[in-house]
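The lines below spell out each chain.
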Amino acid sequence: MSNLYNKKMKKLNIYFTAGIPQLEDTADIIQLIQDSGADMIEIGMPYSDPVADGPVIQKAHELALQNGMTIEKLLSQLKAIKDRIKIPIILMGYINPVLSFGFEKFCAACSESGVSGLILPDLPPIEFEKNYQHILKQYNLNFTFLVTPETSDERMIYLDSLSSGFLYAVSSSSTTGNENAVLKNEDYLSRLAALPLKNPVMIGFGIKSKDDFENVTEKADGGIIGTAFVNILLQDRDWKKRAIDFIHSIKG
């Protein structure tokens, strides 16, 4: 499978949790993100114990579950709009709900719903290689692993070799939305840039502004914005205008 993304342009990936502010807002949010100029969309599948996420996204997961969002519901929402969406959609979540749904059944439904790839941070690479990689290839789905500043060069190269689409480089060893996260770790970003990686590198966690985005993408291929965007969906009645303005402020 080939990479989804052209390395020459700095790509903006916008994350949001499916099922917020209201259960049926998913299609409008996806359309808005695409129309505002983002390059890809990462959609969080709500889970009751999102351990890698900070308080804002945890709150979004809680609200989404209260609203009645499920994997099945999300996949049907995506299927209904797949012909209108031209940028890649990646689903991010935790392995237990996917296993409960049925891994192959899930991959088949993702493929039918226009999903390009998956991120399941708590799926161990060895298990992925042994049990799941062949299923993803069968359904033409990319899979992305995460690396952190603590990941060794050797392991980064290994995780990159298993990944397709892009490699997700967490900017610091913290949960999402951590105000104290070290956003621009020069040594780490330089190390990533120097490695012989096959995939584009996308930096995530802590990007809140155009300056942040430009800083982290000096040596990387793109940035992922989650908490700052989810905050708009959670806090603003006029979230559509605010969300459009926010994406334009990053890409403008």
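Moving on to empty space enclosed by the protein. A full pass over the atoms with the stated rule returns one cavity of 30 Å³ or more. Of the pockets and cavities examined, the largest cavity occupies roughly 70 Å³. When its residues are assigned to classes, the lining of the largest cavity shows six nonpolar, three polar and one charged.

Another point: the nonpolar core. Generally speaking, a soluble globular protein has its nonpolar side chains buried in company with each other. With 86 residues, the main nonpolar core has Phe16, Ile33, Ile43, Leu91, Phe106 and Phe229 as its most contacted residues. With residues up to four places along the chain from it excluded, the contact list for Phe16 reads Thr26, Ile29, Ile30, Ile33, Ile41, Glu42, Ile43, Gly44, Phe229, Val230 and Leu233.

Moving on to the pattern of salt bridges. What the rule picks out here adds up to nine salt bridges. Residue Asp39 is joined to Lys251 by a salt bridge in which the shortest nitrogen-to-oxygen separation is 2.9 Å. Of this pair, Asp39 sits in the loop between helix H1 (26-35) and strand S2 (40-44) while Lys251 sits in helix H11 (residues 239-251), placing them 212 residues apart in sequence. What makes Asp39 buried here is its relative accessible area of 15%.

A word on the sheet that holds strand S8 (residues 201-204). Note on sheets: strands pair through backbone hydrogen bonds, and any given pair is parallel or antiparallel. Reading across from one edge, S5-S4-S3-S2-S1-S9-S8-S7-S6 is the order of the nine strands in this open sheet, with parallel pairing throughout. Because the sheet does not close on itself, it has two edges, and the strands there are strand S5 (142-143) and strand S6 (146-147). Relative to S2, strand S1 (residues 11-17) runs parallel, the two being bridged by five bridges. Its bridge partner being in S2, Tyr15 is matched across the sheet by Glu42.

Moving on, we come to the environment of Gly222. Within the fold, Gly222 resides in strand S9 (residues 222-225). For the pair formed by Gly222 and Arg242, sequence separation is 20 residues and the distance between their alpha carbons is 22 Å. For Gly222, the residues in contact, after removing those within four places along its chain, are Lys10, Lys11, Val201, Met202, Ile203, Phe213 and Thr217.

Here the focus is the state of the cysteines. Applying the stated criterion across every chain, the model contains zero disulfides. The structure places no disulfide on Cys107, whose sulfur is separated from the nearest cysteine sulfur, that of Cys110, by 6.1 Å. The exposure class assigned to Cys107 is buried, which follows from its relative accessible area of 0%. We classify Cys110 as buried; its relative accessible area is 0%.

This part covers the confidence of the model for the protein chain. Mean pLDDT over the protein chain: 91, with 92% of residues reaching 70 or higher. Across residues 1-6, where pLDDT falls below 50, the model places 22 contacts with residues more than four positions away in sequence or in other chains.

Orientation of helix H5 (residues 103-112) relative to helix H6 (residues 125-138), taken along the N-to-C sense of each, is 25 degrees, at an axis distance of 9 Å. With respect to their mutual orientation, H5 and H6 come out roughly parallel. Along this stretch, H5 crosses H6, giving a crossing that reads as right-handed. Across the interface between the two elements, Phe103, Glu104 and Cys107 from H5 touch Tyr132, Ile135, Leu136 and Gln138 from H6.

The next point concerns the side chain of Asp221. In this fold, Asp221 is placed in the loop between helix H9 (210-216) and S9. A residue is classified by how much of its surface remains accessible, and Asp221, at 13% relative accessible area, is buried. Here the side chain of Asp221 touches Val201 through a polar contact of 2.7 Å, landing on its backbone nitrogen.

Okay, helix H2 (residues 55-67) next. Given 3.6 residues per turn, any residue in an α-helix points the same way as the ones three and four places further on. When the terminal C-alpha atoms of H2 are compared, their 18 Å separation across 13 residues agrees well with the 18 Å that a helix rising 1.5 Å per residue should span. Turning to H2, its buried residues are Ile57, Ala60, His61 and Ala64. Each buried residue of H2 lies within a common arc of 100 degrees when the element is viewed along its axis, so the set occupies one face. Across H2 from its buried face, at more than 90 degrees, point the exposed residues Pro55, Lys59 and Gln66. The elements touched by buried residues of H2 are S1 and helix H10 (227-235). Positive phi appears at Gly68, one or two residues downstream of H2, with a value of about 100 degrees.

In strand S3 (residues 89-92), alternate side chains face the same way, and those of Ile89 and Leu91 on one face and Ile90 and Met92 on the other are all buried. Two elements, S2 and S3, share four bridges in a ladder whose sense is parallel. If you follow Ile43 over to S3, its bridge partner there is Leu91. Alignment of S3 against strand S4 (residues 117-119), held across three bridges, turns out to be parallel. In the sheet register, Leu91 faces S4, and the bridge partner there is Leu118.

Reading guide: rules and limits
- Residues numbered from 1 in each chain as written.
- Predicted model: local features only at pLDDT ≥ 70, side-chain atom pairs only at ≥ 80, totals over all residues.
- Heavy atoms only, no water.
- 1 Å grid on protein atoms, 1.4 Å probe; cavity = no way out; pocket = protein on both sides within 12 Å on 5 of 7 lines; lining within 4 Å.
- Points joined across faces, edges and corners; volume = space filled by probe spheres on them.
- Nonpolar A, V, L, I, M, F, W, Y, C, P; charged D, E, K, R; others polar.
- Core = buried A, V, L, I, M, F, W, Y, C linked by side-chain atoms within 4.5 Å.
- Buried < 20%, exposed > 50% of the residue type's maximum accessible area, 1.4 Å probe, protein only.
- Contact = heavy atoms within 4.5 Å.
- Salt bridge = Lys/Arg side-chain N within 4 Å of Asp/Glu carboxyl O.
- Helix = DSSP H or I, 4+ residues; strand = E, 2+ residues; numbered from the N terminus.
- Pairing = 2+ DSSP bridges.
- Disulfide = S-S within 2.5 Å.
- pLDDT = per-residue confidence, 0-100.
- Axes fitted to C-alpha atoms, helices over the stretch in contact; angles between N-to-C directions.
- Parallel < 35°, antiparallel > 145°, perpendicular 65-115°, else oblique.
- Left-handed = near helix turned anticlockwise from the far one by under 90°.
- Polar contact = N/O pair within 3.5 Å; in protein donor to acceptor, adjacent residues only side chain to side chain.
- Expected span 1.5 Å × (residues − 1).
- Arc of directions from axis to C-beta.

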